[in-house]
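Examination of the molecular architecture
Chain by chain, the residues:
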Amino acid sequence: MLAVSPSSTCQPDFQALYADHHSWLLGWLKRRLHDAGLAGDLAHDTFIKILVAREADAIAEPRPFLATIARRLIANHCRREALEHAYLDALLHAPQACARSPETIAIVVESLHLIDRALAKLPEPARQAFLMAHLDGMRYADIATELNVSTHSVKKYLTKANLLCFFAVPDFAAS
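Note that the coordinates shown come from a computational prediction; the quantities given were computed from them, not determined experimentally. (Residues numbered from 1 in each chain as written. Predicted model: local features only at pLDDT ≥ 70, side-chain atom pairs only at ≥ 80, totals over all residues. Heavy atoms only, no water.)

1. Here's the deal with the overall build of the protein
Note the following rule: Secondary structure elements are taken from DSSP: a helix is a run of H or I of four residues or more, a strand is a run of E of two residues or more, and numbering for both begins at the N terminus. For each residue, the accessible area found with a 1.4 Å probe, counting protein chains only, is set against the maximum for its type, and the residue is called buried under 20%, exposed over 50%, and partly exposed in between. Between two residues, a contact is recorded if the distance between any of their heavy atoms is within 4.5 Å. For every accessible area listed, the method is Shrake-Rupley and the probe measures 1.4 Å; residues are considered covered only by the protein chains on display.
Scanning the protein from N- to C-terminus turns up seven helices and zero strands. Put simply, the protein runs from its N terminus to its C terminus through helices and strands in the order α-α-α-α-α-α-α. Looking at the protein residue by residue over its 175 residues, the buried ones come to 31%. Look at the contacts in the protein between residues 6 or more apart in sequence, and 54% of them connect residues 24 or more apart. Working note: accessible area of the protein is about 11000 Å², and carbon and sulfur atoms make up 57% of it.

Written as structure tokens, this is what we have:
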């Protein structure tokens, strides 16, 4: 993890933002999360996002801005945790013959997180088509009927989703 501390290499506006609002943000997160360690991590991640974006000088209302970034990080953390719990729960109910090593579990969980982040970039119909095709094993025609779109649209949705999820084409969702 990167250490964030106001230093001579940081922008002056970022240094002031950090010094003026870090304690407030940390307290705000602790009250919501009831977990000091997670609150510290998310406060850190909030300021990292601002530092990387190099936009500290453009922030007119720092506290609402910081809270918005922190809320999004909380949502991402919760979604990631729910995904991991669902996978681990599925493993608990799988037959012993399907038991996986801790390394395999870690790889699968990380892959699920990457796919989840990729799917979040897609419009809802493309996300639904991907899940119907890959989780439910549905054919294009059945997906088209379910989504009330053409099979051509389903093909476009799945092409975009597959490229984004399986072939790591990061900007494809925007096209």
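2. What to know about the nonpolar core
To be explicit about the condition: We define the nonpolar core as a collection of buried residues of types Ala, Val, Leu, Ile, Met, Phe, Trp, Tyr and Cys that are connected through side-chain atoms lying within 4.5 Å of one another.
In terms of nonpolar packing, the biggest core is built from 20 residues, with L25, W28, L29, L42, F47 and I50 touching the most fellow members. Of all the secondary-structure elements, those providing two or more residues to this core are α1 (12-33), α2 (36-53) and α3 (62-92). The element contributing the most residues to this core is α1, with seven residues. Setting aside anything within four residues of it in sequence, one finds L29 in contact with H34, A39, L42, A43, A70 and I74. Formed by 16 residues, the second largest nonpolar core is a distinct cluster that contains A118, A126, M132 and I143.

3. Concerning the side chain of T46
Summarising the element assignment, T46 is placed in helix α2. On the accessibility criterion, T46 (0% relative accessible area) is buried. Excluding residues that lie within four positions of it along the chain, T46 makes contacts with L25, L66, I69, A70 and L73.

4. Things to note about α3
As a reminder, the rule being used: Take the number of residues in a helix, subtract one, and multiply by 1.5 Å to get its expected span.
Between the first and last C-alpha of α3 there are 44 Å, a value that for 31 residues agrees with the 45 Å anticipated at 1.5 Å per step. Within α3 the residues assigned to the buried category are L66, A67, I69, A70, L73, I74, Y87 and L91.

5. A look at the packing of α3 against helix α4 (residues 102-120)
We count it as follows: Lines fitted to the C-alpha atoms define the axes, with helices restricted to the stretch that makes contact. Angles between their N-to-C directions range from 0 to 180 degrees. Reported orientations rely on four angle classes, namely roughly parallel under 35 degrees, roughly antiparallel over 145, roughly perpendicular from 65 to 115, and oblique for the rest. Take the far helix as the reference: if the near one is turned anticlockwise from it by less than a right angle, the crossing is left-handed, and if turned clockwise, right-handed.
Contact pair α3 / α4: the axes reach a minimum separation of 10 Å and the direction vectors enclose 135°. Considering the angle they form, α3 stands oblique to α4. Helix-helix and strand crossings are classified by hand; for α3 and α4 the assignment is right-handed. Between α3 and α4, the contacting residues are R79, R80, L83, E84, Y87, L88 and L91 on the first element and I105, V108, V109, E110, L112, H113, D116, R117 and A120 on the second.

6. Some points on the packing of aromatic side chains
What counts is decided by this rule: Paired rings are identified among Phe, Tyr and Trp, the last through its six-membered ring, by centres lying within 6.5 Å, and are further divided according to the angle between planes into stacked (under 30 degrees), edge-to-face (over 60) and tilted (the rest).
Taken as a whole, this structure holds four aromatic pairs when the rule is applied. Both rings, one in F14 and one in Y18, keep their centres 6.2 Å apart while their planes meet at 35°; by these two values the pair is tilted. Here the residue F14 and the residue Y18 both occupy positions in helix α1, the gap between them amounting to four residues, near one helical turn. For Y18, a relative accessible area of 14% translates into the label buried.

7. Brief notes about the pattern of salt bridges
How we decide: Within this document, salt bridges are pairs made up of a side-chain nitrogen of Lys or Arg and a carboxyl oxygen of Asp or Glu, the two lying within 4 Å of each other.
Applying the stated criterion across every chain, the model contains four salt bridges. A salt bridge links D116 to R79, with the shortest nitrogen-to-oxygen separation between them at 2.5 Å. With D116 in helix α4 and R79 in helix α3, the pair connects residues that are 37 residues apart, well separated along the chain. The partner of R127 in a salt bridge is E124, with the nearest N and O atoms 2.5 Å apart. A residue pair is termed a helical-turn pair when its members lie 3 or 4 positions apart in one helix, as R127 and E124 do in helix α5 (residues 124-134) at three residues.

Interpretation note: all reported values are geometric properties and have no functional meaning in isolation.
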